[in-house]
Amino acid sequence: MHVLVVGGAGYIGSHMVKLLVQRGFEVTVLDNLSTGHRDSVREARFVLGDLFERDTLEDLCRKTCFDGVMHFASYIQVGESVREPAKYYRNNVFKTQNLLDVMVARRVPCFIFSSTAAIFGEPVRIPIGEDHPKQPINPYGRGKWMVEQMLEDYDTAYGLKSICLRYFNAAGADPEGELGERHNPETHLIPLILQAANGRRSHITVFGNDYDTPDGTCIRDYIHVNDLCEAHLLALQRLWDGGGSSAYNLGNGNGFSVREVIETARTVTGRDIPVQYGERRPGDPARLVADSQRVRVELGWKPRYADLATIIAHAWQWETRS
Ligand code: UFG
């Protein structure tokens, strides 16, 4: 089976490529390297290109018969999406539609889409199941939800099968230490904490300690990047086995506050981690915790690295690589 991984040079995409290659799939990566890293793709065919270039896409899908596509190429910063919505709708929605149109034209049958907890907006109940109301509160979340709805319509009209995986907080790194998070600028909590532990930052700023949570800081559901990737494989296999289009929430179902994450990082690293308290970051819900029963039951997904200390230990191994 040959899988096209769009955005395979990025954080989650590169872990996915490694897993697919390990499991014996043929893999082609398409990435424009706007945020990804060429050296994160080691053992797969690499094509430099952008989803905007429809000709490149058509050419690629004409020359290679793909059995499925995984799509990781999106911008991911909520705050930036508020300041620059055009950038987000163009990249995350319009370019995705280009890809889907070429898939339909070339009869590529299966699509796995990287969606997000941000489609739910401010949660009305916790944990968040698949049927929770979708009321995204920023262009990032709205764009992802638009694509989810587009996918339903493309299935009805054109028979394109898809599974949307709604990530909660992707974290951690390749247990073998070859890959990890390399965002520039880094905005995610765990890598920032570990940079502070490693002396690459003076401190970590906690965005708000007056939330309605036990210790006043935001609660999130951190899921190991490899566990996310395993879910992608199960999803693709489900479609290949004749399963219908679907969407799943992906988290461990355990919420940790920012303070708890810092405390766990102190234990894992054995380092002092200086903390400062700052203002709330606009658009941050107090709690985001997944109900992932459906993906466990329907796809047989089971996280291997559910423990927060293990997630942080793998990220620390990456942070301290020589
Ligand atoms: N946080 C801090 N200080 C920092 C960075 C983050 O206190 O320097 C806090 C945030 O306020 C939040 C938590 O740590 O409460 C986690 O923040 P991240 O930025 O790591 O992750 P988010 O929950 O904001 O974002 C995740 C994904 C995004 C996605 C979003 C959707 O990483 O890509 O969920 O809700 F858009």
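The structure presented is a predicted model; accordingly, all values stated were derived computationally and were not measured.

## So, the overall build of the chain
- Of regular secondary structure, the chain possesses 10 helices and 14 strands.
- Its C-alpha radius of gyration of 19 Å places the chain within 12% of the 20 Å reference for a compact globule of 322 residues.
- Seen through its C-alpha atoms, the chain measures out along the principal axes to roughly 55 × 45 × 40 Å.
- Taking all 322 residues of the chain together, 55% fall into the buried category.

## A short note on the site of the ligand
- In the vicinity of the ligand there are 21 residues, among which Leu189, Thr205, Arg220, Arg281 and Asp284 approach most closely.
- One of the backbone N or O atoms of Leu189 is found 2.8 Å from an oxygen atom in the ligand.
- Contributions of two or more residues to the shell around the ligand are made by helix H6 (189-197) and strand E8 (204-207).
- The greatest single-element share of the shell around the ligand, amounting to 4 residues, is contributed by E8.
- The class makeup of the residues in the shell around the ligand is 13 nonpolar, 5 polar and 3 charged.
- Looking at which domains feed residues into the shell around the ligand, each of domain 1 (2-171 + 223-250) and domain 2 (189-220 + 253-319) supplies at least three.

## Looking at the domain arrangement of the chain
- Partitioning the chain into structural domains gives domain 1 (2-171 + 223-250) and domain 2 (189-220 + 253-319).
- Inter-centroid distance (C-alpha atoms) of domain 1 to domain 2 is 24 Å.
- Contacts between domain 1 and domain 2 engage 27 residues on the former and 23 residues on the latter.
- Here domain 1 and domain 2 share an interface that buries about 2200 Å² over both sides, 64% of which is from carbon and sulfur atoms.
- Of all residues in domain 1, the largest losses of buried area upon contact with domain 2 belong to His224, Asp227 and Tyr248, amounting jointly to 25% of the total for that side.

## Examining the pairing of strand E1 (residues 2-6)
- Counting buried positions over the 5 residues of E1 gives 5, a clear majority of the element.
- Every second residue of E1 is oriented toward a common face, with His2, Leu4 and Val6 on one face and Val3 and Val5 on the other, all of them buried.
- In this region the chain leaves E1, passes through helix H1 (residues 11-22) and returns to the parallel neighbour strand E2 (residues 26-31); the handedness of that crossover is right-handed.
- Pairing between E1 and strand E4 (residues 68-71): 4 bridges, direction parallel. In the sheet register, Val3 faces E4, and the bridge partner there is Gly68.

Rules of the game
- Along each chain, numbering runs from 1 in the same order as the chain's sequence is written.
- The predicted origin of the model limits local features to residues at a pLDDT of at least 70 and limits the giving and counting of side-chain atom pairs to 80 or more, whereas totals for whole chains, interfaces and linings rest on all residues.
- As a rule here, side-chain values come from all non-hydrogen atoms in the structure, and water together with hydrogens is ignored.
- Every helix listed is a DSSP run of H or I at least four residues long, and every strand listed is a run of E at least two residues long, numbered separately from the N terminus.
- Put simply, the radius of gyration uses C-alpha atoms, and a globule should come to 2.2 Å times the residue count raised to 0.38.
- With a 1.4 Å probe rolled over the protein chains alone, any residue whose accessible area is under 20% of its type maximum counts as buried; one over 50% counts as exposed, and the rest are partly exposed.
- A molecule or strand has a residue near it when one of that residue's heavy atoms lies within 4 Å.
- What qualifies as a polar contact is a pair of N or O atoms within 3.5 Å, subject to a donor-acceptor requirement within protein and to the restriction that residues adjacent in sequence count only when both atoms come from side chains.
- Classification convention: Asp, Glu, Lys, Arg as charged; Ala, Val, Leu, Ile, Met, Phe, Trp, Tyr, Cys, Pro as nonpolar; all other residues, Gly among them, as polar.
- Residue ranges for the domains trace back to a domain assignment, done automatically or taken from a database.
- Every residue pair with non-hydrogen atoms within 4.5 Å of one another is taken to be in contact.
- Buried area adds together the accessible area that both of two parts lose upon being put together, with accessible area traced by a 1.4 Å probe.
- Seen with its strands pointing away from the viewer, a crossover is right-handed if its path from the first strand over the helix to the second goes clockwise.
- Strands are labelled as partners when DSSP assigns at least two bridges between them.

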